Amino acid sequence: MILSEQKPFEEILGYLEGEKNIFVLGCDGCAQSSGSGGPVQVEEMKKKLAGAGKKVTGAKVISFLCEKALVKTGLRGRVDEVAAADSILVMTCGLGVQAVAASVNKVCHPACNTINLGGSRGEWPGSERCKECGQCLLDYTGGICPLTACTKSLISGACGGANKGKCEVSPDRDCGWELIYNRLKSKGQLGKLKVFLNPLDHAKLMPRPAMMSTSRYALEQ
Ligand code: SF4
Ligand code: SF4
């Protein structure tokens, strides 16, 4: 189980600035259980977007957006609705947003933050990784997590040490920031690199105090 919560609507609207047509994508897995991106929340989001002057070209709730094969098959019947949209608003955890951004040639915006649970909670079917930072940055990085794709977890750009696209720390790995640059370029979003990001709130990279005081958490540590 990955726990997520919706970002403030104002933050989401900020991501959608300059865009009119939006396709909304929800997840019937953990996001449904979290109450952040299941069928109920997708319907609510459609109304909120319409109230904010946006046109929802379509919406779909797919089981497990973190699985790229399911994303592709789930959207097969919605090609026209997705094509008509300026972007996709993805209402799920960081794994799901990354999987959608890697599967669909469309700008993808995260609608949720992934909450830190302090440990492993199950298998990841895909190659995406999320550090559960509680302040998802995927809108600025083309849907590639800078905390996990970059060996140093840099959030403000490359360290400059990459060699032929490989990380200076782990030469067997692609440089995460080169991947981010190439993804942003392919989606016409290089301007995102000019956005100044505040330093991470490291308190959000820890489980919440209420959770750390539960006996279940104590047993799992
Ligand atoms: S920025 Fe990365 S670590 Fe943070 S929530 Fe998004 S995917 Fe997860
Ligand atoms: S080479 Fe790339 S992936 Fe490696 S630490 Fe530097 S920016 Fe991060």
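Residues numbered from 1 in each chain as written. Chains lettered and ligands numbered in written order. Predicted model: local features only at pLDDT ≥ 70, side-chain atom pairs only at ≥ 80, totals over all residues. Heavy atoms only, no water.

### Re the site of ligand 1
Part 1 of the reasoning: Close to ligand 1 lie Gly94, Gln98, Thr114, Cys130, Lys131, Glu132, Cys133, Cys136, Leu137, Leu138 and Cys145, which account for all nearby residues.
Part 2 of the reasoning: By residue class, the composition of the shell around ligand 1 is 6 nonpolar, 3 polar and 2 charged. (Near = heavy atom within 4 Å. Nonpolar A, V, L, I, M, F, W, Y, C, P; charged D, E, K, R; others polar.)

### Some details on the site of ligand 2
Part 1 of the reasoning: Taken together, Cys150, Thr151, Lys152, Ala158, Cys159, Ala162, Cys167, Glu168, Cys175, Gly176 and Trp177 make up all the residues around ligand 2.
Part 2 of the reasoning: For the shell around ligand 2, the class distribution of residues is 7 nonpolar, 2 polar and 2 charged.

### Observations concerning the sheet that holds strand S4 (residues 87-91)
Each strand in a sheet pairs with its neighbour through backbone hydrogen bonds, running either in the same direction (parallel) or in the opposite one (antiparallel).
Part 1 of the reasoning: The strand order S3-S2-S4-S5 describes an open sheet built from 4 strands, whose pairing is parallel. Taken across any chain shown, the strands that pair with only one partner, and hence form the sheet edges, are strand S3 (55-62) and strand S5 (107-110). Averaged over neighbouring strand pairs, the angle between their axes works out to 25 degrees when direction is ignored. (Pairing = 2+ DSSP bridges. Helix = DSSP H or I, 4+ residues; strand = E, 2+ residues; numbered from the N terminus. Axes fitted to C-alpha atoms, helices over the stretch in contact; angles between N-to-C directions.)

### Thoughts on the side chain of Lys106
Part 1 of the reasoning: Looking at the element boundaries, Lys106 is found in the loop between helix H6 (94-103) and S5.
Part 2 of the reasoning: Within the buried core, Lys106 has no salt-bridge partner, and the shortest N-O distance to an opposite charge, that of Asp86, equals 6.6 Å.
Part 3 of the reasoning: Side-chain polar atoms of Lys106 contact the backbone oxygen of Ala85, separated by 2.8 Å.
Part 4 of the reasoning: Filtering out sequence-adjacent residues up to four positions away, Lys106 remains in contact with Val82, Ala83, Ala85, Asp86, Ser87, Ile88 and Lys187. (Buried < 20%, exposed > 50% of the residue type's maximum accessible area, 1.4 Å probe, protein only. Lys, Arg positive; Asp, Glu negative; His and termini not counted. Salt bridge = Lys/Arg side-chain N within 4 Å of Asp/Glu carboxyl O. Polar contact = N/O pair within 3.5 Å; in protein donor to acceptor, adjacent residues only side chain to side chain. Contact = heavy atoms within 4.5 Å.)

### Brief notes about the environment of Arg129
Part 1 of the reasoning: Checked against the element boundaries, Arg129 lands in the loop between strand S6 (112-114) and helix H7 (146-149).
Part 2 of the reasoning: Expressed as a C-alpha distance, the spacing of Arg129 and Pro146, which sit 17 residues apart in the sequence, is 10.0 Å.

### Considering the packing of aromatic side chains
Part 1 of the reasoning: Evaluation of the coordinates by the stated rule reveals 1 aromatic pair.
Part 2 of the reasoning: Plain terms: the ring middles of Tyr15 and Tyr140 are 5.9 Å apart, the flat faces sit at 85 degrees to each other, and that makes the pair edge-to-face. Within this pair, whereas Tyr15 is found in helix H1 (residues 9-15), its partner Tyr140 is found in the loop between S6 and H7, the two being separated by 125 residues in sequence. (Phe/Tyr/Trp six-rings, centres within 6.5 Å; stacked < 30°, edge-to-face > 60°.)

### Quick look at the pairing of strand S2 (residues 21-27)
Part 1 of the reasoning: When you tally the buried positions in S2, you get 7 out of 7 residues, the bulk of the element.
Part 2 of the reasoning: On S2, burial covers both faces: Asn21, Phe23, Leu25 and Cys27 on one face and Ile22, Val24 and Gly26 on the other are all buried.
Part 3 of the reasoning: As paired elements, S2 and S3 share 7 bridges and run parallel to each other. Counted as the bridge partner of Asn21 is Lys55 from S3.
Part 4 of the reasoning: Alignment of S2 against S4, held across 5 bridges, turns out to be parallel. Paired with Ile22 across the two strands is Ser87, which belongs to S4.

### Section: unusual backbone geometry
Part 1 of the reasoning: Phi at Phe64 takes a positive value of approximately 60 degrees, unusual for a residue other than glycine.
Part 2 of the reasoning: Checked against the element boundaries, Phe64 lands in the loop between S3 and helix H4 (68-74).
Part 3 of the reasoning: Residue Phe64 is classed as partly exposed on the basis of its relative accessible area of 42%.
Part 4 of the reasoning: One non-glycine residue, Lys164, lies in positive phi territory at about 50 degrees.
Part 5 of the reasoning: Looking at the secondary structure, you find Lys164 in the loop between H7 and helix H8 (176-186).
Part 6 of the reasoning: Taking the relative accessible area as the measure of exposure, Lys164 reaches 82% and is therefore exposed.

### Structural notes on helix H3 (residues 39-51)
Part 1 of the reasoning: For H3, with 13 residues, the first-to-last C-alpha span of 19 Å sits near the 18 Å given by 1.5 Å per residue.
Part 2 of the reasoning: When H3 is considered as a whole, its buried residues turn out to be Gln41, Val42, Met45 and Leu49. Down the axis of H3, the sector holding all buried residues measures 100 degrees, keeping them to one side. Set apart from the buried face of H3 by more than 90 degrees, the exposed residues are Val40, Lys47 and Gly51. (Expected span 1.5 Å × (residues − 1). Arc of directions from axis to C-beta.)

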